[in-house]
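Listed below are the residues making up each chain.
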2 protein chains.
Amino acid sequence: MITSYGVHMPRKLRELNLEEVGRSLHSNAIHLLRDVRTEDSAMGIGPAQASALSVVVFGGPLSLNELAEAEQVRPPTMSRVVEALVREGLVRREANRDDRRSIIISSTDKGTKIIHEGRSRREKRLIKLLSQLDADEIRCLGRASRILSRILVTKHS
Amino acid sequence: MITSYGVHMPRKLRELNLEEVGRSLHSNAIHLLRDVRTEDSAMGIGPAQASALSVVVFGGPLSLNELAEAEQVRPPTMSRVVEALVREGLVRREANRDDRRSIIISSTDKGTKIIHEGRSRREKRLIKLLSQLDADEIRCLGRASRILSRILVTKHS
DNA sequence: TTTGCATACTTAGCATAGCTAATTATTAGT
DNA sequence: ACTAATAATTAGCTATGCTAAGTATGCAAA
């Protein structure tokens, strides 16, 4: 269905299309991630660890509470995830000299490498899909991406 | 960064932009779902159950193996998820008369209602974000969505 | 200063959700 | 009628989510 968004279009039709675009974007986001996620097994760590490590790598050193908030999980959950990452040598957990209740979590070289390689595998898979498209379609996706970036508040990567 | 995709552009620059668009789409998909997922607690079921139930609702009655494959999990995992959904009265598990090893999983009215309401809450949240945009930007997202739908193989919803 | 409350993290214990291996029931092939 | 293949389940492990409670530190008011 192709519909014009001219300024004289009744409000109701505009809203119907907002809904259609929202539904479609939502569905596409689900399918896109479902597809690229198939590459993640090569990282050798679970999804929660991979996602948390990604925040540490791209969001710089941060405290446990900050990391838990970024990942939308409770501190005890993140405490255990970080413990596993430390055990595997993927992050460092150091004392914060300004506030000794707090910890500073930073990525090791090994952790950074794993995340960059994992991210690269996901993106390669996506790029392979995109390479079927012509230049105009890529340009459209590029502009759409910039629009989405503007309205999606991003706390990392 | 705004770049032309003219037919005479060197191959290397084209590829650089494919990468940039891929990276950006990937990041936006992550942030979009991270945002809308905050509505899911209102459904009162866990993420695996919600996702599986969604496939049953939108993908029609299907067998356990089909459901497991659609959700990218192993049959034993899905067997337990379905058991929970049956216990909560959200799906039915019936014998397949043509092959009595197999089962037919279908949604109950209650399950269908929960999923439609949950989907609606997610989409309302997304539409609220989109409503900041002007008509041209919405049109761009609409076209981008249709392009993505074409290249993302969808097994449900 | 010290008393007491707030904050940051961890520990303990529970539920859900992922896996492999092994079991049961049924179907299909020789 | 055997035997192999297929569909689902059961058993048991790990990972990841939660709340409640514990420990250590910081901060503020008496």
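Let us look at the structure shown here. All of these numbers come straight from a predicted model, not from anything done at the bench.

Examining helix 4 (residues 75-87) of chain A
Residue and element names in this part refer to chain A.
Then, in step 1: Between its first and last C-alpha, helix 4 extends 18 Å over 13 residues, near the 18 Å set by a 1.5 Å rise per residue.
Then, in step 2: By the burial criterion, the buried members of helix 4 are Met-78, Val-81, Val-82, Ala-84 and Leu-85. Mapping the buried residues of helix 4 onto a view down its axis gives an arc of 155 degrees, with all of them on the same face. Residues Pro-76, Arg-80 and Arg-87 are exposed on helix 4 and point more than 90 degrees away from its buried face.
Then, in step 3: Structurally, helix 4 contributes buried residues whose contacts are with helix 2 (47-58), helix 3 (64-70), strand 1 (91-95) and strand 2 (103-107).
Then, in step 4: Looking one or two residues beyond helix 4, the residue adopting positive phi is Gly-89, at roughly 75 degrees.

Topic: the nonpolar core
Then, in step 1: One finds Leu-130 and Leu-141 of chain A together with Leu-130 and Leu-141 of chain B to be the most contacted residues of the largest nonpolar core, which totals 42 residues.
Then, in step 2: Taken together, the elements giving at least two residues each to this core come down to helix 1 (11-36), helix 5 (109-130) and helix 6 (135-151) of chain A together with helix 1 (11-36), helix 5 (109-130) and helix 6 (135-151) of chain B.
Then, in step 3: Sequence-distant contacts of Leu-130 of chain A, defined by excluding residues within four places in its chain, comprise Ile-138 and Leu-141 of chain A together with Leu-18, Val-21, Gly-22, Leu-25 and Ile-151 of chain B.

Some points on the interface of chain A and chain B
Then, in step 1: The partner chain B presents 57 residues to the 58 residues of chain A that form the contact.
Then, in step 2: A combined buried area of about 5,800 Å² lies between chain A and chain B, and 66% of that area is made up of carbon and sulfur atoms.
Then, in step 3: On inspection of chain A and its partner chain B, the count reaches eight salt bridges.
Then, in step 4: Between Arg-23 of chain A and Glu-123 of chain B there is a salt bridge whose closest N-O contact spans 3.6 Å.
Then, in step 5: Scanning the region where chain A abuts chain B turns up 20 residue pairs in polar contact (both at pLDDT 80 or more).
Then, in step 6: Of all the secondary-structure elements, those providing two or more residues to the side of chain A that touches chain B are helix 1, helix 5 and helix 6 of chain A.
Then, in step 7: Tallying contributions element by element places helix 1 of chain A first for the side of chain A that touches chain B, with 18 residues.
Then, in step 8: Class assignment for the residues of the side of chain A that touches chain B results in 25 nonpolar, 17 polar and 16 charged.

Focus: unusual backbone geometry
Then, in step 1: Not every positive phi belongs to a glycine, and Gln-72 of chain A is a case in point at roughly 55 degrees.
Then, in step 2: Considering the arrangement of structural elements, one finds Gln-72 of chain A in the loop between helix 3 and helix 4.

Here is what the cut-offs are and how they apply
- Residues numbered from 1 in each chain as written.
- Chains lettered and ligands numbered in written order.
- Predicted model: local features only at pLDDT ≥ 70, side-chain atom pairs only at ≥ 80, totals over all residues.
- Heavy atoms only, no water.
- Helix = DSSP H or I, 4+ residues; strand = E, 2+ residues; numbered from the N terminus.
- Expected span 1.5 Å × (residues − 1).
- Buried < 20%, exposed > 50% of the residue type's maximum accessible area, 1.4 Å probe, protein only.
- Arc of directions from axis to C-beta.
- Contact = heavy atoms within 4.5 Å.
- Core = buried A, V, L, I, M, F, W, Y, C linked by side-chain atoms within 4.5 Å.
- Buried area = accessible area lost by both parts, 1.4 Å probe.
- Salt bridge = Lys/Arg side-chain N within 4 Å of Asp/Glu carboxyl O.
- Polar contact = N/O pair within 3.5 Å; in protein donor to acceptor, adjacent residues only side chain to side chain.
- Nonpolar A, V, L, I, M, F, W, Y, C, P; charged D, E, K, R; others polar.

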